[in-house]
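What follows is each chain in one-letter form.
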Amino acid sequence: MSAKKPTAESFKGNKRSLPSKPCLACGRPISWRRRWARNWDEVRYCSDACRRSGVPKASQ
């Protein structure tokens, strides 16, 4: 099953139908934005603060 990329025509104001994925640093859900349409696969962090902190190291 392949996920369809949202378009302006398919959105129609229903935010639940938009794809989301977790932030790699904090785990919060990142909702799709039209601005990220071309590079959604490359979006990894929810904010600049999470981008600066990066992926947390596994505690040993």
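Rules used in this analysis
- Residues numbered from 1 in each chain as written.
- Predicted model: local features only at pLDDT ≥ 70, side-chain atom pairs only at ≥ 80, totals over all residues.
- Heavy atoms only, no water.
- Helix = DSSP H or I, 4+ residues; strand = E, 2+ residues; numbered from the N terminus.
- Buried < 20%, exposed > 50% of the residue type's maximum accessible area, 1.4 Å probe, protein only.
- Contact = heavy atoms within 4.5 Å.
- Phe/Tyr/Trp six-rings, centres within 6.5 Å; stacked < 30°, edge-to-face > 60°.
- Lys NZ or Arg CZ within 6 Å of the ring centre and 35° of its normal.
- Salt bridge = Lys/Arg side-chain N within 4 Å of Asp/Glu carboxyl O.

Enquirer: Before we move on, can you summarise the overall build of the protein with the specific residues and values?
Expert: Scanning the protein for helices and strands turns up 2 helices and 2 strands. Secondary structure of the protein in N-to-C order comes out as α-β-β-α. In the protein, buried positions account for 20% of the 60 residues. Within the protein, contacts between residues at least 6 apart in sequence are counted, and of these 23% link residues at least 24 apart.

Enquirer: Tell me about the packing of aromatic side chains, and please be specific about residues and values.
Expert: The full count for this structure, using the stated rule, is 1 aromatic pair. Measuring from ring centre to ring centre gives 6.1 Å for Trp36 and Trp40, while their planes differ by 25°; the resulting arrangement is stacked. Of the two residues, Trp36 and Trp40, neither departs from the other in class, the shared state being buried. The lysine or arginine in question, Lys21, covers the ring of Trp40, its NZ or CZ lying 4.3 Å from the ring centre.

Enquirer: Tell me what's going on with the pattern of salt bridges, and back it up with residues and numbers.
Expert: Enumeration over the complete set of coordinates arrives at 1 salt bridge. We note a salt bridge from Asp48 to Arg51, for which the minimum N-O separation is 2.4 Å. Of the two residues, Asp48 and Arg51 both sit in helix 2 (residues 48–53), 3 residues apart, roughly one turn of that helix. Look at Asp48 and you get partly exposed, because its relative accessible area is 47%. According to the relative accessible area criterion, Arg51 is partly exposed, its value standing at 47%.

Enquirer: How would you summarise the environment of Pro19 if you had to cite specific residues and measurements?
Expert: Its place among the elements puts Pro19 in the loop between helix 1 (8–11) and strand 1 (20–22). Residues Pro19 and Trp40, spaced 21 residues apart in sequence, show a C-alpha to C-alpha distance of 9.7 Å.

It is worth stressing that arrangement in space is one thing and function is another; only the former is reported here.
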